[in-house]
Amino acid sequence: MPYYTRMKLLMEGLRVLEGLAASGLRSIRFACEVPGLQSIVANDFSTSAVELIKRNIQFNGVEHLVTANYSDARMLMYNRMGRNDRFDVIDLDPYGSPAIFLDAAVQSIGEGGLLCVTCTDMAVLAGNNGETCYSKYGSMSLKSKFCHEMALRILLHSLDLRANCYQRYIVPMLSISADFYIRVFVRVFTGQAKVKMSASKQALLYNCVGCGTYHLQRMGRAVPHGNNMKYSAGTGPAIGASCEFCQQKHQVGGPIWAEPLHDKTFVQKVLDASERNPERFKTSDRIEGMLSMVTEELDIPLYYTLDSLSSAVRCNTPSLLQFRSALLHAGHKVSLSHACQNAIKTNASPSVIWDIMRCWEKLNPVKREKLSETSPAYHILGTEPRIQANFEVRQDANPKSRRMGLKRFQENPEANWGPKARAKAGGGISTSLEERRKQHQNKRKGAPEDTSFKQFVCKKYKQGSCGLGDSCRYSHSLVDSEVESQDPSATDNTPAS
């Protein structure tokens, strides 16, 4: 950030927008806890919410900083696109997807400003609805073990793509996957030369449906050429038509952000500030645990999980320390991931990872005669490992955050914990999940029996293996009548000789 801009912000203070403020709680916390602020706009598109914000502002005595505003967040941001009117910080925390607000946000954020975005539509981002993800974020999500980190990279890709339309680009400061949501903190800058680099920061993803091996293919290339950069399209394909390890097909996902998720220097400063004053926040122990994991993460896209690797070869799962030690003994880097408890991030190639699993299988053999010739395990174990893995536990295999017992992953505090029902349009309180469950309890017992299947013969009863009796959905009487019609003694009155 230019020196003049920094001095101006220090003298005048930051202008903050909370676009979807609801009760205004976060805006009031900004006013009470964050120094150096000039103004805060707590906006919502609900009249009842705005009235609630005004009451909370008066109750907390922050009228000099916080202003309640009733407007569509998009129109509010579009009206603040002037160079001198832009916000320094924009916080977007909607119920569900923020996709419709991103275009306005990247235009109304000041140069070098901080954009904070939350997504709670994890079913879309984690691969359950890939087509919906593409329509909202311009990327195809995949249902995979690394889906939570992929969700972060999809959101960053979408932010950068929208910023590029206006000769702007993003720099991720911190990207977090926690509980039932993801949240990213990015700075937005303007610069045509840096925008040209954006294609080389995105990548397509090829994920094997059999063993889970993944490959990335960059969308573009940026190569130094003298004092300048030469830009070109990415080269490929990165893989063959089928997986080289298990002979299964690949799914294609993305594009996704393929650069680092965090600014480690910035994260360390936040961590140091939290450790200096641990009593400031009631969640300081969790902040310290998660940010410590972030500082330990390798800047490598995506990860494998131990259970998925073991499942692919049908063997017992090695301990986390054993597998990490094997990678370290082989000369590779390895780390955990804050997004998944049993994740393995490494710079080792997939061939090395499967060689280690083959060596582990030799120590914990599976019954090969029971493996199908079309199964991934049959093909993976059919190749001899090219390295001899060493599973002796190393001291540096246990990361500092794990050794210290920091609170890295939070357990659910109560039953049915998670995102609640969407607020009603009129401002009323939605019925809780537990109350709705009680309302619908035993409803099926009083429902009329579906007799549409009784017109079909029960095949199991015909074979003599159906034990459901009268409760079977299919017909037993049709089978009996069919048997009677085929039995000559049932219709012939002539006595048997």
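Quick caveat, the model's predicted, so the values are computed rather than measured.

Chemist: I'd like a rundown of the sheet that holds strand β6 (residues 168-178), residues and numbers included.
Modeler: Pairing between sheet strands relies on hydrogen bonds along the backbone, with the strands arranged either parallel or antiparallel. What the 7 strands build is an open sheet, ordered β3-β2-β1-β4-β5-β7-β6; its pairing is mixed. A strand with exactly one partner marks an edge of an open sheet, and here the two such strands are β3 (66-70) and β6. The sheet shows a mean angle of 15° between the axes of neighbouring strands, direction not considered. In terms of strand pairing, strand β1 (residues 14-18) meets strand β2 (residues 37-44) through 5 bridges, oriented parallel. In the sheet register, E18 faces β2, and the bridge partner there is A42.

Chemist: I'd like a rundown of the pairing of strand β9 (residues 214-218), residues and numbers included.
Modeler: Consecutive side chains along a regular strand alternate between the two faces of the sheet. By the bridge criterion, 5 bridges tie strand β8 (residues 202-208) to β9 in an arrangement that is antiparallel. Its bridge partner lying in β9, L204 is registered against Q217.

Chemist: Please provide a residue-by-residue account of empty space enclosed by the protein, values included.
Modeler: One pass over the structure, following the stated rule, counts 3 cavities of 30 Å³ or more. As a volume, the largest cavity reaches approximately 40 Å³. If you trace the largest cavity, you find it lined by R358, E361, K362, R368, L381, T383, E384 and P385. By residue number, the principal contributor to the lining of the largest cavity is helix α15 (residues 350-363), which donates 3 residues. For the lining of the largest cavity, a count of residues per class yields 2 nonpolar, 1 polar and 5 charged.

Chemist: Explain the sheet that holds strand β13 (residues 304-305) to me, and be specific about the residues and the numbers.
Modeler: Within the open sheet, the 3 strands sit side by side as β13-β15-β14. Their pairing is antiparallel. Unpaired on one side and paired on the other, β13 and β14 (334-337) mark the two borders of the sheet. Bridging between β13 and strand β15 (residues 340-346) involves 2 bridges; their strand directions are antiparallel. Paired with Y304 across the bridge in β15 is I344.

Chemist: Describe the environment of V186, with residues and values.
Modeler: In this fold, V186 is placed in strand β7 (residues 181-190). Note on V186: relative accessible area 0%, which makes it buried. Between the C-alpha atom of V186 and that of P172, which follows or precedes it by 14 residues, the distance is 4.2 Å. When neighbours within four sequence positions are excluded, V186 is seen to be in contact with G113, L114, L115, L156, L159, I170, V171, P172 and M173.

Chemist: Any chance you could break down the packing of aromatic side chains for me, citing the residues and the numbers?
Modeler: Evaluated as defined, the whole model comprises 6 aromatic pairs. Aromatic side chains F180 and Y181 sit 5.6 Å apart centroid to centroid with 75° between the ring planes, which places their arrangement in the edge-to-face category. Taking relative accessible area as the criterion, F180 reaches 29% and is therefore assigned partly exposed. Judged by relative accessible area, which is 24%, Y181 ranks as partly exposed. Judged by centre distance (5.2 Å) and plane angle (65°), the rings of W360 and F391 are edge-to-face. Note that W360 is positioned in helix α15 and F391 in the loop between α16 (376-381) and α17 (400-403), a separation of 31 residues in sequence. An aromatic cluster is built from F146, Y214 and Y304, whose rings are joined through pairwise contacts. Of note, R80 hangs over the ring of F87, and the distance from its end group to the ring centre comes to 4.2 Å.

Chemist: Just give me the short version of the environment of I287, but keep the residues and values in it.
Modeler: Mapping I287 onto the fold places it in helix α12 (residues 284-296). The class for I287 is partly exposed, based on a relative accessible area of 26%. Those residues in contact with I287 that sit more than four places away from it in its chain are S274 and F281.

Chemist: Give me the lowdown on the state of the cysteines, citing residues and values where you can.
Modeler: Following the criterion strictly, the structure yields 0 disulfides and no others. C147 takes part in no disulfide bond, and the closest cysteine sulfur, belonging to C340, lies 8.3 Å away. A relative accessible area of 10% places C147 in the buried class.

Chemist: Lay out the pairing of strand β11 (residues 228-233) in plain terms, naming residues and giving numbers.
Modeler: Among the 6 residues that make up β11, 0 are buried, leaving the element largely open to the surroundings. Sheet analysis places strand β10 (residues 220-225) next to β11, joined by 6 bridges and oriented antiparallel. Within β11, the residue paired with V223 across the bridge is K230. The hairpin turn running from β10 into β11, its antiparallel successor, is 2 residues long, and G226 in that turn takes a positive phi close to 70°.

Chemist: I'd like to hear about helix α11 (residues 264-276), residue by residue, with values.
Modeler: Compared with the 18 Å implied by 1.5 Å per residue over 13 residues, the 18 Å span of α11 between its first and last C-alpha is a close match. Among all positions in α11, only V267, L271 and S274 are buried. Buried residues in α11, looked at end-on, bunch into an arc of 60°, giving them a common side. Set apart from the buried face of α11 by more than 90 degrees, the exposed residues are T265, K269 and R276. For α11, the elements touching its buried residues are β6 and α12. The backbone nitrogen of T265 lies 3.1 Å from a side-chain oxygen of the residue at the head of α11, namely D263.

Chemist: I'd love a proper account of the pattern of salt bridges, names of residues and values included.
Modeler: Enumeration according to the criterion identifies 19 salt bridges in this entry. Linking R183 and D91 is a salt bridge whose minimum nitrogen-to-oxygen distance equals 2.7 Å. Here the residue R183 occupies a position in strand β7, and D91 occupies one in strand β4 (residues 87-92), the gap between them amounting to 92 residues. In this structure R183 comes out as buried when scored by relative accessible area, which is 13%. Residue E111 pairs with R168 through a salt bridge whose shortest N-O separation is 3.4 Å. Of this pair, E111 sits in strand β5 (residues 109-119) while R168 sits in strand β6, and the two are 57 residues apart along the sequence. A cluster of three or more residues bridged by salt bridges with shared partners is formed by R26, D91, D93 and R183.

Rules and cut-offs
Residues numbered from 1 in each chain as written. Predicted model: local features only at pLDDT ≥ 70, side-chain atom pairs only at ≥ 80, totals over all residues. Heavy atoms only, no water. Pairing = 2+ DSSP bridges. Helix = DSSP H or I, 4+ residues; strand = E, 2+ residues; numbered from the N terminus. Axes fitted to C-alpha atoms, helices over the stretch in contact; angles between N-to-C directions. 1 Å grid on protein atoms, 1.4 Å probe; cavity = no way out; pocket = protein on both sides within 12 Å on 5 of 7 lines; lining within 4 Å. Points joined across faces, edges and corners; volume = space filled by probe spheres on them. Nonpolar A, V, L, I, M, F, W, Y, C, P; charged D, E, K, R; others polar. Buried < 20%, exposed > 50% of the residue type's maximum accessible area, 1.4 Å probe, protein only. Contact = heavy atoms within 4.5 Å. Phe/Tyr/Trp six-rings, centres within 6.5 Å; stacked < 30°, edge-to-face > 60°. Lys NZ or Arg CZ within 6 Å of the ring centre and 35° of its normal. Disulfide = S-S within 2.5 Å. Expected span 1.5 Å × (residues − 1). Arc of directions from axis to C-beta. Polar contact = N/O pair within 3.5 Å; in protein donor to acceptor, adjacent residues only side chain to side chain. Salt bridge = Lys/Arg side-chain N within 4 Å of Asp/Glu carboxyl O.

Geometry only, nothing functional implied.
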